Structures are given as C-alpha cells and as structure tokens.
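# Understanding the architecture of this molecule
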Amino acid sequence: MIETQHNTHNMDLEIKYSKIFEYNRIKNTLLKMAWYFEYGYTPFLPKNISLKSSEQEIFDTISNEYNEEKYAKISSSIKKIYNSKRIELCFAIQEVFQIKLPEKIFIYITKYGMGGSYNPPSIVVYNLHNKNGEQIIFHEIMHLIIESDAQKWGLHQFEKERTVDLILHSKKFSFLNYTLWQKDYQKTEQYIDELFHLYFYHSPEKYFQMIKSRRK
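Below is a summary of the structure that appears in this document. (Residues numbered from 1 in each chain as written. Predicted model: local features only at pLDDT ≥ 70, side-chain atom pairs only at ≥ 80, totals over all residues. Heavy atoms only, no water.)

This next bit is on the pattern of salt bridges. All chains considered together, the criterion is met by eight salt bridges. Among the ionic pairs, Lys172 bridges to Glu95, the shortest N-O distance being 3.2 Å. In this pair, Lys172 is assigned in the loop between helix H6 (157–169) and helix H7 (189–200) and Glu95 in helix H4 (residues 68–97), connecting sequence segments 77 residues apart. Look at Lys172 and you get partly exposed, because its relative accessible area is 33%. Several salt bridges share partner residues, and in doing so they unite Glu14, Lys16 and Lys104 into one network. (Salt bridge = Lys/Arg side-chain N within 4 Å of Asp/Glu carboxyl O. Helix = DSSP H or I, 4+ residues; strand = E, 2+ residues; numbered from the N terminus. Buried < 20%, exposed > 50% of the residue type's maximum accessible area, 1.4 Å probe, protein only.)

The following block contains the structure:
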C-alpha cells in the first residue's frame, strides 16, 4: 500500500506499508542483531522468529499479524501531524543548513525492528510500537539532514543521536514541541553539548569539525 501526499513545498511525504516490506524488515533486523546488541538496542521481532527461521515461517507470522487498517490509521496520523509542522520545519532546516531539501521523504510503517531508523538520502522507517509516537518521524528526518556532515566528519552513533536531539530541542525548532531524550548517549554529552552551544548555530560545519578534536 502507498499513500502519497502532494504539496507545492519541499519534503512531501510518501507513506508505504506492505507484507513484503515487513518480510524484508525482519530479515534485515535479524542480520543486524550483533550491531543492535553492541549499541544496547533491542529491536521488535515476533517471539517465534530467529535466524534459524525459514522464509515460510516468517511469511506465515507476518500474514497472521498484519493489519492493514491499523497501518492506514497510523499513516493518517503521521500525515496530519507532519502537515501541521511541515512549512516551519522546511524553513528552519533551510535557514540553519543552507541546503536544498529532498523533494520527498519516504516513510515506511512497520511493526518490526527498531522504533525508528533512517536510510539516506530520503527514507525513514517508523515502528508503530514506538511509544514516542510521531515525534520519532522528526528525529529520523533530522538524521537524514545531518547525515552527509556526520559521514564527512566521522561522527559516531551516539554523537549523531545527541546532535539530533540537541537540534530538535533548540529554540529554532521549538515549534515541533519535541520532548525526547535517549536514556544513554554513552557520555558523548560531556563534550557534544558544549560544542553545540558554542558553534552549531554560528557554523554547523565548524561544530562537526570540532567534534573529532574534542572526542575522548
């Protein structure tokens, strides 16, 4: 199923969900379990599914659990919230980063894997189990926005997470009413926060550049 939203502004949404996507989501999550455990993450998976599960077992589980009406309801909620913030969000991102926004963001709704994830340049995955609701959509969109700088300057996972949350909590993005903080940033806040307040809104590139020199 694909639900498209058309606008004259940048960063339109195209929301997708399907049994095939859920199958691939489970397979990819299983393949990344070692990485998730390394960083202390616990992805959502069906209780009876493991790396030893056959393709048929995975498909059968998805068929039993898949509820398209629930996905459609979540899709409608995402679009409503995003529409109420989109214009301000686009202006704020362009003002801060001086970049051309993606014409479209693809939102994949799932009930498996992590609560939210992203895949540059324009894919966000939203888990309907996520207790933080649609706020996670804005979190993952901001990941997409900073990813090129993060890659350029070699930011680590938790440096990226802290940066995204600091941006979304800042006055410039206060219209989002963003309230999320992770429980653990692996102590990156001990140097990220100071650098953010010193440099980010004067020169994002300078901020990213300085992280490596201050890393302990």
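Back to the text.
With that settled, consider the packing of aromatic side chains. The geometry of an aromatic ring pair is captured by two quantities: the separation of the ring centres and the angle between the planes. Applying the stated criterion across every chain yields a total of 19 aromatic pairs. Ring geometry for Trp35 and Tyr41: centres 5.9 Å apart, planes at 40°, overall tilted. Note on Trp35: relative accessible area 30%, which makes it partly exposed. Between Phe196 and Phe200, the ring centres sit 4.7 Å apart and the planes meet at 15°, which makes this aromatic pair stacked. (Phe/Tyr/Trp six-rings, centres within 6.5 Å; stacked < 30°, edge-to-face > 60°.)

Let's shift gears to the environment of Gly40. Along the chain, Gly40 falls in the loop between helix H2 (33–38) and helix H3 (55–65). For the pair Gly40 and Glu68, spaced 28 residues apart in the sequence, the C-alpha separation amounts to 31 Å.

Let's shift gears to unusual backbone geometry. Pro120 connects to Pro121 through a cis peptide bond whose omega is 10°. Here Pro121 is to be found in the loop between strand E4 (116–119) and strand E5 (123–127). The phi dihedral of Gln98 falls on the positive side, at around 55°, and the residue is not glycine. In this model, Lys187 sits at a positive phi of 65°, which is unusual for a non-glycine residue. Position of Lys187 among the secondary structure elements: in the loop between H6 and H7. The exposed category is assigned to Lys187, whose relative accessible area is 58%.

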